[in-house]
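# Architecture at a glance
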Amino acid sequence: MDYGAYIDAAAATLGLNLTQEQRKGVNLYFGLAASMAVLVQGLPLQPADESGNVFVPVAPQVPE
Amino acid sequence: MSAAGVVGMAAAVREGRATAAANVQLCLDRIAATDGRVNAFTSVLAERALKRAQAVDASPRRQRMKLAGVPFAVKNLFDVAGLPTLAGSKIEREAQPAARDALLVRRLEAEGAVLVGALNMDEYAYGFSTENTHYGATCNPHDLARISGGSSGGSAAAVAAGQVPLTLGSDTNGSIRVPASLCGTFGLKPTFGRLPRTGSYPFVASLDHLGPFARGAADLALAYDLMQGPDPQDPACAQRDIEPVAPLLERGAAGLRVAVLDGWFREMALPEALAAVNVVAQALGTTRLVELPEVARARAAAFLVTCAEGGALHLDDLRRRAEDFDPMTRDRFLANALVPAAWLVQAQRVRHWFARRVAQVFETVDVLIAPATPCTAPVIGTEWLEINGQRLPARASMGLLTQPISCVGLPVATVPLWGMNPAAPHLPIGVQLIAAPWREDRCLRAAAALEATGLCSAPVAALESGA
């Protein structure tokens, strides 16, 4: 997939002026992030899986 | 002195058989003799350290100080009073010097330890190799042509080189466990939220951990115990009482239910890593295999959280002065700043899901075994590795086996083994001993048991002249 249009729009929105040299690397690494996004979006989740953006390590539910 | 451990060194000073000043001077001498080749240190604080050591020697509390006269050093993302907190960057050289030491530095010094310097790292902790363009690569003390690992490469190398017996580092996706593996030291990444990060430069706030490196499990446990305790300045730090582990090490691995992680953790490991796991499994008396679900997705979740938070943190500098970033990190940070919110939120949800599934596994297991790195240390400059039939970027791949574990904040002790790679028997490789959240005692008990068998050890690198 070509993310060029998204990269252009997002960079402009955020005020990032990418040079030609930087743009090559950004394409590569944004593509890598996109491949990771495919993985996380491929896991079917329920509303109860909402993290609330607060993470607490989960201890096992067994008596000590 | 370079071979002495934390526990023994502190006991000698408490009992008057050694002095803090002599310990510090020996460390300074070792640093002077070796750091031109290793490049672990970015600052050596000789004047401060000698002054502090004299104060320890003169203190009426000396005989009660648990770290009396123990020299240590910290990754240069820890605040050190009077120094700008570099976090491996050129940009932060312009920052105001820190007004006070990081909280963990203060806690160690309150028990008589003596800070001697700050250590090299990947820029802003974003890397697994410590090939830092601004400050040079930190070389592996056991083979100077090879990487030390990262991002806490200086922290591992300084211990492996015998420059100091104790260091602190940080671990977001593997940055304690990877360099500990490649440099052949013991390392502890505590549970997420266990140790306060107050006074350290963040990378990814929802994944950052701090922890120690040393040359043995008892040394790790002692330092870790003295750093425990909540701090309201770090909102991620759990409000838990101190739970000392050092007194529990003598129990060894007796009674611990141990299993080897299968699936991803074997598929993404080269033969030397699998050999190390097999040695540890045999020593701990297990043949049981368990598999965690959806590990690749968990790793992807950690990857995206890292992207989004790391990119956002540096957005202002990326706008104003992108050319001042290390070329090793710059384009990644720029790309990361563009990651959409929906990816981040989904990554956090996957992380939460995975934590629940992992907790179920720990209902019947106390310690999980996995390699810390896919292989022994690559040569500096290595770009690609072949793992599981795939050609993968070498630097990022060093974290393949650590990232899914820190994603859900589990405590891990990393233990070093030797001779697992027949083509390079002089190189170490680490094994992760992983426990349920808040059970650092179990990781460290297993580590201590393995150390007692002699299978795991952290010898000081010879670093003979010209080595």
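Source: prediction; values computed, not measured. (Residues numbered from 1 in each chain as written. Chains lettered and ligands numbered in written order. Predicted model: local features only at pLDDT ≥ 70, side-chain atom pairs only at ≥ 80, totals over all residues. Heavy atoms only, no water.)

### Section: the packing of helix 2 (residues 20-41) of chain A against helix 13 (residues 341-361) of chain B
Two numbers describe how helix 2 of chain A lies on helix 13 of chain B: the axes approach to 9 Å, and their chain directions differ by 50 degrees. The angle between helix 2 of chain A and helix 13 of chain B places the two elements in the oblique class. In the packing of helix 2 of chain A onto helix 13 of chain B, the handedness of the crossing is left-handed. Contacts between helix 2 of chain A and helix 13 of chain B involve A:Phe30, A:Ala33, A:Ala34, A:Ala37, A:Val40 and A:Gln41 from the former and B:Trp343, B:Gln346, B:Ala347 and B:Val350 from the latter. (Axes fitted to C-alpha atoms, helices over the stretch in contact; angles between N-to-C directions. Helix = DSSP H or I, 4+ residues; strand = E, 2+ residues; numbered from the N terminus. Parallel < 35°, antiparallel > 145°, perpendicular 65-115°, else oblique. Left-handed = near helix turned anticlockwise from the far one by under 90°. Contact = heavy atoms within 4.5 Å.)

### Describing the interface of chain B and chain A
The interface of chain B with chain A comprises 47 residues on the first partner and 41 residues on the second. For the pairing of chain B and chain A, the buried interface totals around 3,900 Å² over both sides, and the portion due to carbon and sulfur atoms is 69%. Three residues, B:Leu338, B:Trp343 and B:Arg349, lead the burial of chain B against chain A; their summed loss comes to 19% of the area buried on that side. At the boundary of chain B with chain A, the tally comes to two salt bridges. (Buried area = accessible area lost by both parts, 1.4 Å probe. Salt bridge = Lys/Arg side-chain N within 4 Å of Asp/Glu carboxyl O.)

### Details of the pairing of strand 10 (residues 209-214) of chain B
All names here are of chain B. Of all the six residues making up strand 10, six are buried; the element is thus mostly covered by neighbouring parts of the structure. Strand direction decides the pairing type here: strand 8 (residues 166-171) and strand 10, joined by six bridges, are antiparallel. Directly across from aspartate 171, in strand 10, lies its bridge partner histidine 209. Here strand 9 (residues 186-189) runs beside strand 10; their pairing, made up of two bridges, is antiparallel. Each bridged residue has a counterpart across the sheet, and for glycine 187 the counterpart in strand 10 is phenylalanine 213. (Buried < 20%, exposed > 50% of the residue type's maximum accessible area, 1.4 Å probe, protein only. Pairing = 2+ DSSP bridges.)

### Some thoughts on the side chain of B:Arg321
Residue and element names in this part refer to chain B. With respect to the secondary-structure elements, arginine 321 resides in helix 11 (residues 315-321). Within the structure, arginine 321 has its side chain in polar contact with the side chain of glutamate 94 (distance 2.9 Å). If near-sequence neighbours (up to four positions away) are discounted, arginine 321 is found in contact with Ile91 and Glu94. (Polar contact = N/O pair within 3.5 Å; in protein donor to acceptor, adjacent residues only side chain to side chain.)

### Quick notes on the confidence of the model for chain B
In the predicted model, chain B carries a mean pLDDT of 97, and the fraction of residues at 70 or more is 99%. Among the scores for the predicted complex, ipTM is 0.95 and pTM is 0.97. (pLDDT = per-residue confidence, 0-100.)

### Observations concerning unusual backbone geometry
Residue and element names in this part refer to chain B. Cis geometry marks the peptide bond from glycine 150 to serine 151, where omega comes out at 10 degrees. With respect to the element layout, serine 151 can be found in the loop between strand 7 (143-147) and helix 5 (153-160). Unlike most non-glycine residues, alanine 87 shows phi in positive territory, near 50 degrees. Turning to its location among the elements, alanine 87 is positioned in the loop between strand 2 (71-75) and helix 4 (103-110).

### So, the packing of aromatic side chains
Working definition: an aromatic ring pair is given by the centre-to-centre distance plus the angle between the planes. All names here are of chain B. In the structure shown here, the tally under the stated rule is nine aromatic pairs over all chains. In textbook terms, an aromatic cluster arises when at least three aromatic residues are bridged by ring pairs, as seen for Tyr124, Tyr126, Tyr201, Phe203, Phe325 and Phe333. Arginine 351 extends its terminal NZ or CZ atom over the ring of phenylalanine 192, reaching a point 5.8 Å from the ring centre. Here the guanidinium or amino end of arginine 391 rests over the ring plane of tryptophan 384, the centre of that ring lying 4.1 Å away. (Phe/Tyr/Trp six-rings, centres within 6.5 Å; stacked < 30°, edge-to-face > 60°. Lys NZ or Arg CZ within 6 Å of the ring centre and 35° of its normal.)

### Re the pairing of strand 16 (residues 412-418) of chain B
All names here are of chain B. The buried fraction of strand 16 amounts to six of the seven residues, a majority that puts the element mostly inside the structure. With three bridges joining them, strand 9 and strand 16 adopt antiparallel strand pairing. Along strand 16, the bridge assignment pairs leucine 188 with alanine 413. Bridge analysis of strand 16 against strand 17 (residues 428-434) gives seven bridges, and the strand direction is antiparallel. Each residue of the ladder has a partner; that of tryptophan 418, found in strand 17, is proline 428.

### Re the environment of B:Ala156
Residue and element names in this part refer to chain B. Mapped onto the elements, alanine 156 comes out in helix 5. Between the alpha carbons of alanine 156 and alanine 355 there is a distance of 29 Å; along the sequence they are 199 residues apart. Beyond its immediate stretch of four places on either side in the chain, alanine 156 contacts Pro179, Ala180, Cys183, Thr185 and Phe213.

### Section: the pattern of salt bridges
Applying the stated criterion across every chain yields a total of 25 salt bridges over all chains. Three or more residues are tied together by salt bridges with common partners; here these are A:Glu21, B:Glu323, B:Arg330 and B:Asp331.

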